[in-house]
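# Coordinates in review
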Amino acid sequence: MITQILLQQTIIMFALMLLGLLLSRRGMITEQGSRDLSNVLLYTVIPCVILRSYMSEFSTEKLRAMGLSALIAVIAFAASIAVAYLTCGTRHRIENFAVAFGNAGFIGIPLVTAVFGPEAAFYVVSFSTFANLLQWTYGIVIISGKKETMNLRMVFVNPVFISMVIGIALFVLQPTLPTVVTGTIGYIADGNTVLAMIILGYYLSKVQLRGLFADVRLYLFSALRLLVVPAVTILVFLPFPFARGEITLITLIAAATPIASSTAIFAQKFDQDYRRAVSYVCLSTILSVATLPLVMLFAERLLS
C-alpha cells in the first residue's frame, strides 16, 4: 500500500517538475525568479510545514517517538556519510556531498506527508534538522576542502532549526493558538510540494537533456545516492529491534531521496563545477520516480 501511494506521489511530483521546466522554457520563470521562489520555500513554506507538524496534542508517547526518530536519523546519516566517503573520498568533492545528502526538505517532507499524512512530518523533522547541521559543518568542509569554511552560526540561525525549536515549544507548552494563525500556517505549508518541484523543474531546464542522459558518471553517482545508500541503511537498521515500523519507514523515505539541491548551491558558492552539480540533482530526481517505490517495497518487507 505504501509503495503504491509513493509511486503515485512521485509521478505527480515529476509532473510538477515538468511544469517548472515548461514555465522556464517559456520565459515565465527567470533565474532571479527561481531564487525568489527558493527563498520563499526555505524561509516561509518549509518552516510552516515543520510548525504544522508540531501543532498536535502532547503525549509522552509522541515525545518518545520523536526521540526515537532522532536516533534513527543519526544511524541513517552515519550510513550515508560512510558510503559517500568510502566511494568518493576527498578526490570527488561534489560527488561526496551528493551521495551523502538527499533532498529531505524539498522532496522528503512532501512525500512523507502524502504517504503518511501531515502529522508524519513530525517524525521527519529530526532528519531535516540533522541534514542542515551536517551540511553546514561536515558538508561544507567536504565540498570546499577547507576546515575554516565551517560555519556553526548558520546551523543555529537557519529557518529549519529555528522553526523546529519553536515547534517543540508549541508541542510541549500546548498554547491555544487563534484559528487565523493555524489556518494561515496550514495554507502556506500546503504550497511545499508545488514550489519545490517547480524550482527543480527550473534547474532541469538549464541542463542539456542529451548530455544529462548520456553521461555514465551521472548515473553511477545517482545510483549510489538512490540505491546503495538506502540499501546500506536498511542493512544497518536490521540488527536494531527498535528500527522497525512506521517511524523507520518515514526516515527511510527521507534517506532515499535524490541528491540535495544544496549540492548545486554549495558547489556554486565554493567555486566547484556548478553545472555538474545541477546535472546530478536533476538526473537523480528523475530517476527517483522509479527508485523510491522500489526501495520502499523492499523496506516494507524487511522493516515493517
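The structure presented is a predicted model; accordingly, all values stated were derived computationally and were not measured.

## Some thoughts on the side chain of Ser205
- Its place among the elements puts Ser205 in helix α10 (residues 192-205).
- Taking relative accessible area as the criterion, Ser205 reaches 10% and is therefore assigned buried.
- Those residues in contact with Ser205 that sit more than four places away from it in its chain are Leu21, Ser24 and Arg25.

## A short note on the layout of surface pockets
- Estimated volume of the largest pocket: approximately 1,100 Å³.
- Around the largest pocket, the lining is made up of 42 residues, and of these Ser38, Tyr203, Ser261, Ser262 and Ile265 lie nearest the centre.
- Going through the elements one at a time, α2 (31-54), α5 (104-116), α6 (121-144), α7 (152-157), α8 (159-173), α10, α14 (262-269) and α15 (274-303) are the ones with two or more residues in the lining of the largest pocket.
- Partitioned by chemical class, the residues of the lining of the largest pocket number 22 nonpolar, 15 polar and five charged.

## Some details on the packing of helix α12 (residues 216-237) against α15
- Where α12 contacts α15, the two axes come as close as 8 Å, and the packing angle between them is 30°. The angle between α12 and α15 places the two elements in the roughly parallel class. Between α12 and α15 lies a crossing of right-handed hand. Each of Arg217, Leu218, Tyr219, Phe221, Ser222, Leu226, Leu227, Pro230, Ile234 and Phe237 in α12 lies in contact with α15, whose residues at this interface are Arg276, Ser279, Tyr280, Leu283, Ser284, Leu287, Ser288, Thr291, Val295, Ala299, Leu302 and Leu303.
- In terms of residue class, the contact of α12 with α15 is made up of 15 nonpolar, five polar and two charged.

## Regarding the environment of Pro258
- With respect to the element layout, Pro258 can be found in the loop between α13 (246-255) and α14.
- Residue classification places Pro258 among the buried residues on the basis of a relative accessible area of 0%.
- Those residues within four positions of Pro258 in sequence are excluded, and the remaining contacts are Phe101, Gly102, Asn103, Ile107, Arg225, Leu226, Ser284, Thr285 and Ser288.

## Observations regarding empty space enclosed by the protein
- As enumerated under the stated definition, the model contains two cavities of 30 Å³ or more in all.
- The computed volume of the largest cavity comes to approximately 70 Å³.
- Taken together, the residues that form the lining of the largest cavity break down as eight nonpolar, three polar and no charged.
- Volume-wise, the second largest cavity comes out at about 30 Å³.
- Counting residues per element, the lining of the second largest cavity draws most heavily on helix α3 (residues 60-88), at three residues.
- When grouped by side-chain class, the residues that make up the lining of the second largest cavity number five nonpolar, one polar and one charged.

## Focus on the pattern of salt bridges
- For the structure on display, the rule yields five salt bridges.
- Asp190 is the partner of Arg52 in a salt bridge, and the nearest nitrogen-oxygen pair spans 2.9 Å. Of this pair, Arg52 sits in helix α2 while Asp190 is found in the loop between α9 (179-189) and α10, placing the two residues 138 residues apart along the sequence.
- Assessed through its relative accessible area of 25%, Arg52 is described here as partly exposed.
- Among the salt bridges present, the one from Glu95 reaches Arg217, with a minimum N-O distance of 3.1 Å. Here Glu95, found in helix α4 (residues 93-100), pairs with Arg217, found in helix α12; they are 122 residues apart in sequence, far enough to count as distant.
- What makes Arg217 partly exposed here is its relative accessible area of 33%.
- Because the salt bridges share partners, they merge into one network encompassing Glu95, Arg217, Asp273 and Arg276.

## Some words on the state of the cysteines
- With the rule as written, the count across this model stands at zero disulfides.
- In this model Cys88 remains outside any disulfide bridge; the closest cysteine sulfur is found in Cys282, 19 Å from its own.
- Relative accessible area serves as the criterion here: at 2%, Cys88 is assigned to the buried category.

## Here's the deal with the packing of aromatic side chains
- One pass over the structure, following the stated rule, counts nine aromatic pairs.
- With a centroid separation of 6.3 Å and 50° between ring planes, the pair formed by Phe77 and Phe101 is classed as tilted. In this pair, Phe77 sits in helix α3 while Phe101 sits in the loop between α4 and α5, placing the two residues 24 residues apart along the sequence.
- Ring geometry for Phe240 against Phe242: centres 5.3 Å apart, planes inclined by 40°, an arrangement best described as tilted.

## A closer look at the packing of α5 against α10
- Direction vectors running N to C along α5 and α10 enclose 140°, while the axes themselves pass 9 Å from each other. Relative to α10, α5 is oriented oblique. Here α5 and α10 pass one another in a crossing that is left-handed. Contacts between α5 and α10 involve Gly105, Phe106, Ile107, Ile109 and Pro110 from the former and Asn192, Thr193, Ala196, Met197 and Leu200 from the latter.
- Its residues placed into classes, the contact of α5 with α10 shows seven nonpolar, three polar and no charged.

Criteria and thresholds
Residues numbered from 1 in each chain as written. Predicted model: local features only at pLDDT ≥ 70, side-chain atom pairs only at ≥ 80, totals over all residues. Heavy atoms only, no water. Helix = DSSP H or I, 4+ residues; strand = E, 2+ residues; numbered from the N terminus. Buried < 20%, exposed > 50% of the residue type's maximum accessible area, 1.4 Å probe, protein only. Contact = heavy atoms within 4.5 Å. 1 Å grid on protein atoms, 1.4 Å probe; cavity = no way out; pocket = protein on both sides within 12 Å on 5 of 7 lines; lining within 4 Å. Points joined across faces, edges and corners; volume = space filled by probe spheres on them. Nonpolar A, V, L, I, M, F, W, Y, C, P; charged D, E, K, R; others polar. Axes fitted to C-alpha atoms, helices over the stretch in contact; angles between N-to-C directions. Parallel < 35°, antiparallel > 145°, perpendicular 65-115°, else oblique. Left-handed = near helix turned anticlockwise from the far one by under 90°. Salt bridge = Lys/Arg side-chain N within 4 Å of Asp/Glu carboxyl O. Disulfide = S-S within 2.5 Å. Phe/Tyr/Trp six-rings, centres within 6.5 Å; stacked < 30°, edge-to-face > 60°.

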